[in-house]
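# A closer look at the structure
What follows is each chain in one-letter form.
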Amino acid sequence: MALSIWEALAVFAAGIGAGTINAVVGSGTLFTFPVLLATGLPPVTANVSNTLGLVTGNISGAVGYRRELRDQRGRIVRFGLVALAGGLTGAALLLTLPSKAFGAIVPALIALALVLVVLQPRLARALARRRERTGTRPHADGGVALLLGLLLASAYGGYFGAAQGVLYLSLMGLLLDDDLQRVNALKNVLGVVVNGVAALFFLFVAHIDWTAVLLIAAGSTLGGQLGARVARRLRPQMLRGVIVVVGVVAIAQLLLRK
């Protein structure tokens, strides 16, 4: 579909925002997806094109966090294999389920993602207080519970992906005994795996808007580098506020299209 110059600029700008936010916390899809819907793309085509476009941004963010990835090779391999299986499953579900099902499910998924974005700090504080009272610490490698959680989160990411990074951070932050910045670096790698395997799957079986893909790829690559540099300086409250606003717009876009 041909985009006007203003639509193209909007998609490119959304790609920058998505790449930046994905590197910091995740949820970049909440920026790009509603913009693609606003250009007139069908929901499934918008989601598929968005997934392909964000791959380069995920890679850019992971490269920007390469220092924090040192000494995590074992985790990358173990968690990456789980993310690979989950991402492929989610991508297959996207194309197997009727398009009407996507239109019905995604608003609920976005709403759930927004709830997670808003409640994440409160949940983290509550769990930290509980650990202090009980004297317990997170498992060094997360255990089976983390692997199962990452599998489900990756399947969700392959299907849609909004707030996928938030799910990863919540799971690993709660179940791994490690620095949050190192966890965030690992989250970026898992995002590369899930979006990458879903993108390869979509290349052969889905309809893709390549103009949107290229614009998002260019923007998200710039944003990934930007996000990795400013991750420690951003105010979380402001970031969550923007994500909530954009998510509400996405829900409204989907509901108005019915």
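Residues numbered from 1 in each chain as written. Predicted model: local features only at pLDDT ≥ 70, side-chain atom pairs only at ≥ 80, totals over all residues. Heavy atoms only, no water.

Here we come to a positive patch on the surface. A cluster of basic side chains, namely R122, R125, R129, R130 and R133, defines a positive patch on the protein surface. By the secondary structure assignment, R125 is in helix 5 (residues 99–134). Assessed through its relative accessible area of 46%, R125 is described here as partly exposed. (Patch = residues over 30% accessible without salt bridge, like charges linked within 9 Å, V, L, I, M, F, W, Y side chains within 5 Å. Areas by Shrake-Rupley, 256 points an atom, 1.4 Å probe, with all protein chains shown as cover. Salt bridge = Lys/Arg side-chain N within 4 Å of Asp/Glu carboxyl O. Lys, Arg positive; Asp, Glu negative; His and termini not counted. Charge placed at Lys NZ, Arg CZ, Asp CG, Glu CD. Helix = DSSP H or I, 4+ residues; strand = E, 2+ residues; numbered from the N terminus. Buried < 20%, exposed > 50% of the residue type's maximum accessible area, 1.4 Å probe, protein only.)

Counting residues in hydrophobic clusters, the biggest one holds 59 residues, and the most contacted among them are F160 and M172. Residue contacts for F160: discarding those within four places in its chain leaves T29, F33, N47, F102, V106, L109 and I110. The next biggest cluster of nonpolar side chains, apart from the first, holds six residues, and it includes Y65, L69, A185 and V189. (Core = buried A, V, L, I, M, F, W, Y, C linked by side-chain atoms within 4.5 Å. Contact = heavy atoms within 4.5 Å.)

Across all of its chains, the model carries two salt bridges by this definition. In this structure, the salt-bridge partner of R75 is D178, at a minimum N-O distance of 2.6 Å. Of this pair, R75 sits in helix 4 (residues 73–96) while D178 sits in the loop between helix 7 (164–175) and helix 8 (180–205), and the two are 103 residues apart along the sequence. The salt bridge involving R182 is made with D178; its shortest N-O contact spans 2.9 Å. Residue classification places D178 among the partly exposed positions, given a relative accessible area of 27%. Each of R75, D178 and R182 takes part in salt bridges that share partners, so that together they form one network.

Here the phi dihedral of D71 falls at roughly 65 degrees; this positive angle occurs in a residue that is not glycine. Within the secondary structure, D71 is located in the loop between helix 3 (43–64) and helix 4. Of the residues examined, D71 reaches a relative accessible area of 78% and is grouped as exposed.

Applying the stated criterion across every chain, the model contains two aromatic pairs. Here F33 and F160 contribute two aromatic rings whose centre-to-centre distance is 5.0 Å and whose plane-to-plane angle is 80 degrees, an arrangement assigned as edge-to-face. Here F160 lies in the loop between helix 6 (143–159) and helix 7 and F33 lies in helix 2 (residues 29–38), a separation of 127 residues in the sequence. You'll find F33 and F160 in the same group, each marked buried. (Phe/Tyr/Trp six-rings, centres within 6.5 Å; stacked < 30°, edge-to-face > 60°.)

Now for the confidence of the model for the protein. Residues with a pLDDT of 70 or more make up 90% of the protein, whose mean pLDDT is 84. Model confidence for the protein, summarised as mean pLDDT per element, is weakest for helix 10 (residues 236–257) at 71 and strongest for helix 4 at 93. (pLDDT = per-residue confidence, 0-100.)

Another point: the side chain of K187. Note on placement: K187 falls in helix 8. Here K187 sits buried without a salt bridge, and the closest side chain of opposite charge, E68, lies 11 Å off (N-O distance). Once residues lying within four places of it in the same chain are set aside, the contact partners of K187 are N22, A23, V24, V25, G26, G165, Y168, L169 and M172.

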